[in-house]
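# Commentary on secondary and tertiary structure
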Amino acid sequence: MLNRNVSTQKRAAFTLVELLVVIAIIGILVGLLLPAVQSAREAARRMQCGNNLKQLGLAMHNYHDVYNSLPYGANAGWGHDWTAFILPQIEQTPLYDTIPTPFNDSGAWTGTDARSLALIALAQTAVPAFHCPSQIGPANEAKDVNGLANRAINNYLACAGGNAETDNNGAGGMDSSNGMFMASLFTSSNPIPPRKFRDVIDGLSNTVMIGESQYMLDSDKGCNICDRFLFYHMNYDSGSGSDFSESLGSTFYRINSKEVNNTERELSYSSYHPGGAQVALGDGSTRFVSETVDLATWQALGSRDGGETIGDY
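A brief structural summary. It should be emphasised that the depicted structure is a prediction, and the values quoted were computed from it without experimental measurement.

### Focus: the state of the cysteines
- A complete count under the given rule lists one disulfide for this structure.
- Not part of a disulfide, Cys 49 finds its nearest cysteine sulfur in Cys 132, a span of 3.6 Å.
- Judged by relative accessible area, Cys 49 falls into the buried class, the value being 0%.
- Take Cys 132: its relative accessible area is 3%, and that puts it in the buried class.

Here it is, written out as structure tokens:
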């Protein structure tokens, strides 16, 4: 006799349609969340980049307190640059102590003597404070650039001015530019001394001191000569020096401009942060500057003594 009180049970399971629906929902949620996650990560990278600039700006002020001047922008003919001089101010004294002293023209990237080997090792030492976390790729360049491989990449350029049209010496060059830093010719008997804060008559809060710039050696992505390096430079140490955009920048050209050629892009400030680039002003403050900033305003911000009226930016 059939017992009507005994109920039959069916094993629970997803149908194929239900499974596909769940997968589709998960895919939609991931698609919605991924941009937010990427945006949060970029915001964190941009914050870290700003912190790097803040640290470098404070290092410049500490250096000025010690020596009553800013560091040289570039030792044209000798090879050193501002990034080497401020190492003690960013807690890198042991690395600074490896630089051959006294600073002079002896030693070269092609040499095998102790001074040359020290300069080579210096050029190949990466320091995180000079590396933007949004920069794609490793901290060292594996390719041989200007005769030396494995050089340490730099993302921050001291400002040579708002009128520097080339990164060499001569007319429109960085040996006579109007910024807080310049290329001083150490092949001459009287190299131009480094700037002091008192020379910034436009006001420290109205003058760019350091800004970020992309490292790029890929013409398909926009520039195959936008190489920036640290501490010691082969082209700086060649004759009277050249190619100062490895550590010096110019506000003569727009931020992130795609309208200029390779030679001009290597001088300009740029970033992987959407919409503009970050700078440290002469007073040590940091600011994000839009790539749509008025060009005359941007050039005025690069000048230390132009007497321009700075508008909103």
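### As for unusual backbone geometry
- Of note, the bond from Thr 101 into Pro 102 is cis; its omega dihedral lies within 30 degrees of zero at -5°.
- You can see Pro 102 is positioned in the loop between helix 3 (93–96) and helix 4 (114–123).
- Located in the positive-phi region is Glu 91, a residue other than glycine, with phi close to 65°.
- Take Glu 91: it is sitting in the loop between helix 2 (82–85) and helix 3.
- Classification of Glu 91 by relative accessible area gives exposed; the value is 74%.
- Phi is positive for Phe 231, which is not a glycine, with a value near 75°.
- Turning to its location among the elements, Phe 231 is positioned in the loop between strand 8 (223–226) and strand 9 (248–250).

### Brief notes about the packing of aromatic side chains
- This structure, assessed with the given rule, holds twelve aromatic pairs.
- Both rings, one in Trp 78 and one in Phe 186, keep their centres 4.5 Å apart while their planes meet at 40°; by these two values the pair is tilted. In this pair, Trp 78 is assigned in the loop between strand 1 (74–76) and helix 2 and Phe 186 in the loop between strand 5 (183–185) and strand 6 (208–212), connecting sequence segments 108 residues apart. Residue Trp 78 shares its accessibility class with Phe 186, and that shared class is buried.
- When the centroid spacing of 6.0 Å and the interplanar angle of 70° are considered together, the rings of Trp 82 and Phe 130 count as edge-to-face. Of the two residues, Trp 82 sits in helix 2 while Phe 130 sits in the loop between helix 4 and strand 2 (140–141), which places them 48 residues apart along the sequence. Note on accessibility: Trp 82 and Phe 130 belong to one class, buried.
- A connected cluster of aromatic rings, assembled from ring pairs, spans Tyr 72, Trp 78, Phe 85, Tyr 96, Phe 103 and Phe 186.
- Geometry around Phe 229 places Arg 151 over its ring, the cationic atom sitting 3.9 Å from the centre.

### Looking at the environment of Arg 254
- Within the secondary structure layout, Arg 254 lies in the loop between strand 9 and helix 5 (262–265).
- Judged by relative accessible area, which is 35%, Arg 254 ranks as partly exposed.
- Each C-alpha atom of the pair Arg 254 and Asp 294 lies 8.7 Å from the other, and the pair is 40 residues apart in sequence.
- Excluding anything up to four places from it in sequence, Arg 254 contacts Ser 268, Tyr 269, Val 293, Asp 294, Leu 295 and Trp 298.

### With respect to the pattern of salt bridges
- Taken as a whole, this structure holds two salt bridges when the rule is applied.
- One salt bridge connects Arg 151 with Glu 246, and the closest N-O pair in it is separated by 2.9 Å. Taken together, the residues span a long stretch of sequence, with Arg 151 in strand 3 (residues 151–152) and Glu 246 in the loop between strand 8 and strand 9 at a distance of 95 residues. Take Arg 151 and Glu 246: they sit in the same class, and that class is buried.
- Among the ionic pairs, Asp 305 bridges to Arg 304, the shortest N-O distance being 3.4 Å.
- Residue Asp 305 is classed as partly exposed on the basis of its relative accessible area of 32%.
- Judged by relative accessible area, which is 10%, Arg 304 ranks as buried.

### Concerning the side chain of Gln 278
- Along the chain, the position of Gln 278 falls in strand 10 (residues 276–281).
- Note on Gln 278: relative accessible area 9%, which makes it buried.
- A polar atom in the side chain of Gln 278 sits 3.1 Å from the backbone oxygen of Arg 46.
- Other than its neighbours up to four places away in sequence, Gln 278 contacts Arg 46, Cys 49, Gly 50, Leu 53, Gly 211, Glu 212, His 273, Arg 287 and Phe 288.

Calculation criteria
- Residues numbered from 1 in each chain as written.
- Predicted model: local features only at pLDDT ≥ 70, side-chain atom pairs only at ≥ 80, totals over all residues.
- Heavy atoms only, no water.
- Disulfide = S-S within 2.5 Å.
- Buried < 20%, exposed > 50% of the residue type's maximum accessible area, 1.4 Å probe, protein only.
- Helix = DSSP H or I, 4+ residues; strand = E, 2+ residues; numbered from the N terminus.
- Phe/Tyr/Trp six-rings, centres within 6.5 Å; stacked < 30°, edge-to-face > 60°.
- Lys NZ or Arg CZ within 6 Å of the ring centre and 35° of its normal.
- Contact = heavy atoms within 4.5 Å.
- Salt bridge = Lys/Arg side-chain N within 4 Å of Asp/Glu carboxyl O.
- Polar contact = N/O pair within 3.5 Å; in protein donor to acceptor, adjacent residues only side chain to side chain.

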